[in-house]
Structures are given as structure tokens and as C-alpha cells.
Amino acid sequence: MNEEMIMDKVALGSTGIMINPLIYGTLPLGPLQAGLTPAEGGRLIRHALEQGVTMIDTAELYDTYSHVRAGLEGFRGEAVVVSKTHAADAPTARIHVERALRELGRERIDVFHVHGARIADPFTERADVLAELLRMKEEGKIAHVGISSHYISAFRKAVDHPEIEVVHPLINRTGMGILDGSAAEMGEAIAACARAGKGVYAMKALAGGNLISEARASIRYVLGLEGIHGIAIGMLSTAEIEANLALFRDGTADETVWQKLESRKRRLRIMDKFCKGCGFCVEACASNALSIVDGVARVDEEACILCGYCGAACPEFMIRVV
Ligand code: SF4
Ligand code: SF4
């Protein structure tokens, strides 16, 4: 790694971890979205690592551990791996952490979050899960405990919880997907978390693809917020990885490449011919973007942040972000 890349790194709060602010978001690689094979996803992750990316964001729910493992196989540089558990109870959280250790082939996960998209107060609603993650930190299986949420209230509360060392808030220019206020209010909670010493890296800077036509401006907005140390971005090609690295490093953007990236269209595809109308997807959607109409699931595209979580909840595998 060259000197410029080393200087590009920032401290992830008080964790002692130094990161490239461009974090590889692996959700789009897996079966909820693009459905790349572990080898294909692993090649992209490896390319990013070799170009200077240092942190990889995954989750039990994303089903991308095999992609991450393939990307890390034989890699001799540094890599910070973050995962998340959406467990509602302590035993399940332990199973999730153990699975991450096993499937990622690591002795310790650098950061493990309570994965709480719809959790307004993880300190009461997920108290047992948090306690279990902290126990597993004492056991040496997790280095740092964090929370991810779409709620501002979760981060306002985190400020007074020193045991939470990393936070992963949803933030974008339009505030799309934030469940209890505006982008400005989330920005204040983010700054307060950073001032309290927490590492802060954002999710959904492009609102899951909805802001893709203004990707550069949307990324610059989030990078410019007080307290942001990094942004997790899902990337599906080497060109996209390189374009983001340049943008994050010094704000440069190749017009031709970005015009191509910004002209992509993404949408939620529900194969309604096979939909059973069970409503599990409606329950799973934190953005209230789904409803059952005439016995099948329908999406409100204005409200949908293309997170793909409804796809994970569908027992018929009928939903994909394409
Ligand atoms: S409809 Fe699905 S992809 Fe869209 S916001 Fe809801 S859960 Fe996410
Ligand atoms: S979970 Fe799947 S089968 Fe059930 S309503 Fe939603 S799309 Fe249809």
C-alpha cells in the first residue's frame, strides 16, 4: 500500500481502527440483490482490498459470508470485518456470531452490530442481545460492539452508552428511509455520537439506489457531514470500485464513468404470479413501502429504499432488487 493510501485513512472513533472511508457494503452481492456467486463477489471484494479499501460490511441477513471469505482468502493486507445480528434473543445472537466466525474463517469479528433497522431503542428492545454481544466481546470473539438502525432515536440514546463503540446510521440527502425525523436531525445525532468517541459509518447514502442518478452529489453530502468516518457502499463492478475510491480520496470523478454509473436504474421486482399474499414481506419492511393488494404484494416505489429485506422475509423467494 502506498503512502498516500495510508494518509487517506481515518480513525474509526476511539476503537483504534484506522479505515479507508470507502467501506465495501456486501448486501448487493448476495441473494437479496444481484445474486453473484461467492467467487464473483469475492473477486470484487479482493479488487477493492488491493486498491486500498480496508473495511467490509456484511450481516447474517445478507448471506454474503462466503463472498467475503473468498475475497479475503490469502489476502495479506489488513481487513476490518463488520457483521450484524438481527436476532431478537441472546441464544440466537450467539448462534449468529458463531456462524460469522466459522463461515468467515476468523477468530474474532472486528465489529458486531445489533442489526436494528426497525428498532427505535435497541437498549430496551434488544437489551439481551446487546448483553450477549458484550459477553462475546469479553470472550474475545468480538472486538467492538455496535448498533445499526434507521431510527434517529437509537443514535441519540447511543451517545450515553459507552459500550457502543461503533454506530451505523442511515443517512442521505433526502432523509429517505429515516423513520423518525429528517436528514438534518439524523446529522445532529451522528455528530453527537462522533463527539462521544464512537466510530460512525453511514449506510444508504444513495437510498439503496434511489439517488443513483445523483450519486456523486449524494456521496459528497454524506462525506461532508460532521462526525462521518466512512460510508458503506455496495459496488458491483471494478469500475464502480475505482470511481468511488477516487471520489472518496480527493473528490475527483471521471465524467464518462460516473455518467454511466448514474444512469443505472434499479427497482424492486415482485414476481406476483407466484406471490401467496402471506404478508411476511409487509412485516419486514421498515419503510412501510409494501402492502397486499388483491391478494398479492405491491410496492410503493416512492417509499422503497431498495434494501432488499423484504426479499429475505419471503418464504417463496419472490422478491429481488434488480
Ligand atoms: S419494499 Fe423491500 S426493498 Fe423496499 S424498503 Fe421495503 S423492505 Fe426494503
Ligand atoms: S412474503 Fe413473498 S409470498 Fe408473501 S406476500 Fe410477500 S412476496 Fe408474496
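Residues numbered from 1 in each chain as written. Chains lettered and ligands numbered in written order. Predicted model: local features only at pLDDT ≥ 70, side-chain atom pairs only at ≥ 80, totals over all residues.

## Quick word on the overall build of the protein
Basically, it comes down to this: Think of it this way: any DSSP run of H or I at least four residues long counts as a helix, any run of E at least two long counts as a strand, and we number them from the N terminus. Using C-alpha atoms as the atom set, the radius of gyration is obtained and then compared with a globule rule of 2.2 Å times the number of residues to the power 0.38. Put simply, a residue is buried when 20 or more other C-beta atoms lie within 10 Å of its own C-beta and exposed when 12 or fewer do; between those, it is partly exposed, and each C-beta is set from the backbone. Remark: residues whose backbone-derived C-beta atoms lie within 7 Å of one another are considered to be in contact.
Along the backbone of the protein there are 13 helices and 14 strands. Taking 2.2 N^0.38 as the reference for a compact globule, 322 residues should give roughly 20 Å; the C-alpha atoms of the protein span a radius of gyration of 18 Å, in line with that estimate. Counting only C-alpha atoms and orienting by the principal axes, one finds that the protein spans roughly 60 × 50 × 40 Å. Going through the 322 residues of the protein one by one, you find that 49% of them count as buried. Put simply, 71% of the contacts in the protein that link residues at least 6 apart link residues at least 24 apart.

## So, the pairing of strand E9 (residues 199-202)
Spelled out, the test is: Pairs of strands are assigned from DSSP output, requiring at least two bridges between the strands. When the strands point away from the viewer, a crossover counts as right-handed if the path from the first strand over the helix to the second runs clockwise.
Neither face of E9 is left uncovered, since the one carrying Gly199 and Tyr201 and the one carrying Val200 and Ala202 both have all their residues buried. Summarising the sheet, strand E8 (residues 166-169) and E9 pair through 2 bridges and their orientation is parallel. If you follow Val166 over to E9, its bridge partner there is Gly199. Running through helix H8 (residues 183-195), the crossover from E8 to the neighbouring parallel element E9 is right-handed. Bridge count between E9 and strand E10 (residues 230-234): 2 bridges; the pairing is parallel. Bridged to Ala202 within E10 is Ile231.

## Focus: the site of ligand 1
Put simply, the rule is: Throughout this description, a residue near a molecule or strand is one whose C-beta atom, derived from the backbone, lies within 6 Å of it. By the convention adopted, Pro, Cys, Tyr, Trp, Phe, Met, Ile, Leu, Val and Ala count as nonpolar, Lys, Arg, Asp and Glu as charged, and the other residues, Gly among them, as polar.
The environment of ligand 1 is made up of 14 residues, and the closest members are Cys285, Ala289, Cys304, Cys307 and Cys310. Of the residues that constitute the shell around ligand 1, the class distribution is 12 nonpolar, 2 polar and no charged.

## Looking at the pairing of strand E12 (residues 290-293)
Note: E12 against strand E13 (residues 296-299), 4 bridges, orientation antiparallel. Considered in E13, the bridge of Leu290 is made with Val299. Between the antiparallel neighbours E12 and E13 lie 2 residues, among them Asp294 with a positive phi of about 50°.

## What to know about the packing of helix H4 (residues 90-104) against helix H6 (residues 127-138)
How we decide: Lines fitted to C-alpha atoms define the axes here, with helix axes fitted over just the stretch in contact, and angles between the N-to-C directions of these axes take values from 0 to 180 degrees. Our angle categories are set so that under 35 degrees counts as roughly parallel, over 145 as roughly antiparallel, 65 to 115 as roughly perpendicular, and the remainder as oblique. Definitions for this section: a left-handed crossing has its near helix turned counterclockwise from the far helix by less than a right angle. A right-handed crossing has that turn clockwise.
Where H4 meets H6, the axes come as close as 8 Å, and the angle between the chain directions of the two elements is 40°. Viewed along their axes, H4 and H6 adopt a mutual orientation that is oblique. Considering how the two elements wind past one another, H4 and H6 form a crossing that is right-handed. Contact residues: H4 offers Ala90, Ala93, Arg94 and Val97, while H6 offers Asp128, Val129, Ala131, Glu132, Leu133 and Met136. For the contact of H4 with H6, the per-class residue count stands at 7 nonpolar, no polar and 3 charged.

## Re the domain arrangement of the protein
How big an interface is tends to be stated in terms of the accessible area lost upon association of its parts. The condition is simple: Residue ranges labeled as domains rest on an automatic or database domain assignment.
Considered domain by domain, the protein is made up of domain 1 (3-262) and domain 2 (268-321). Here the C-alpha centre of domain 2 lies 24 Å away from the C-alpha centre of domain 1. Taken together, the residues of the side of domain 1 that touches domain 2 break down into 7 nonpolar, 6 polar and 2 charged.

## Digging into the environment of Cys281
Of note, Cys281 is situated in helix H12 (residues 280-284). As for Cys281 and Gly308, which are separated by 27 residues in sequence, their C-alpha atoms are 9.8 Å apart. Not counting chain neighbours up to four residues away, the residues in contact with Cys281 comprise Leu290, Ala297, Cys310, Ala313, Cys314 and Ile319.

## Section: the confidence of the model for the protein
Test applied: pLDDT runs from 0 to 100 and stands for how confident the predictor is about each residue.
When the pLDDT values of the protein are averaged, the result is 94; 98% of them are 70 or greater. Confidence over residues 1-6 falls short of pLDDT 50; this stretch has 4 contacts with residues more than four positions distant or in other chains.

## Digging into the sheet that holds E8
Note: strands within a sheet are paired through backbone hydrogen bonds, in either parallel or antiparallel orientation. Strand order in the closed barrel formed by 8 strands is E3-E4-E5-E6-E7-E8-E9-E10, with parallel pairing between adjacent strands. Neighbour-to-neighbour, the strand axes of the sheet open up by a mean angle of 30°, direction not taken into account. Relative to E10, strand E3 (residues 22-25) runs parallel, the two being bridged by 4 bridges. When the bridges of E10 are listed, Gly25 appears paired with Gly234.

## Side note on H4
Test applied: An expected span of 1.5 Å times one less than the residue number is assigned to each helix. Directions from the helix axis toward the C-beta atoms define the arc.
A rise of 1.5 Å per residue sets the reference length of H4, with its 15 residues, at 21 Å; its end C-alpha atoms lie 21 Å apart and thus fit the reference within 8%. Every buried residue of H4 is accounted for by Ala93, His96, Val97 and Ala100. Projected down its long axis, H4 carries its buried residues within an arc of 95°, all on one side. Residues Pro91, Glu98 and Arg102 are exposed on H4 and point more than 90 degrees away from its buried face. Trailing H4 by a residue or two, Gly105 shows a phi angle of about 65°, which is positive.

## Section: the packing of helix H3 (residues 65-72) against H4
It is the contact of H3 with H4, at a shortest axis distance of 9 Å, that shows an interaxial angle of 40°. One finds that H3 runs oblique with respect to H4. Crossing geometry of H3 relative to H4 is assigned as right-handed. On H4, the residues that touch Tyr65, Ser66, Val68 and Arg69 of H3 are Ala100, Glu103 and Leu104. A class-by-class count of the residues in the contact of H3 with H4 yields 4 nonpolar, 1 polar and 2 charged.

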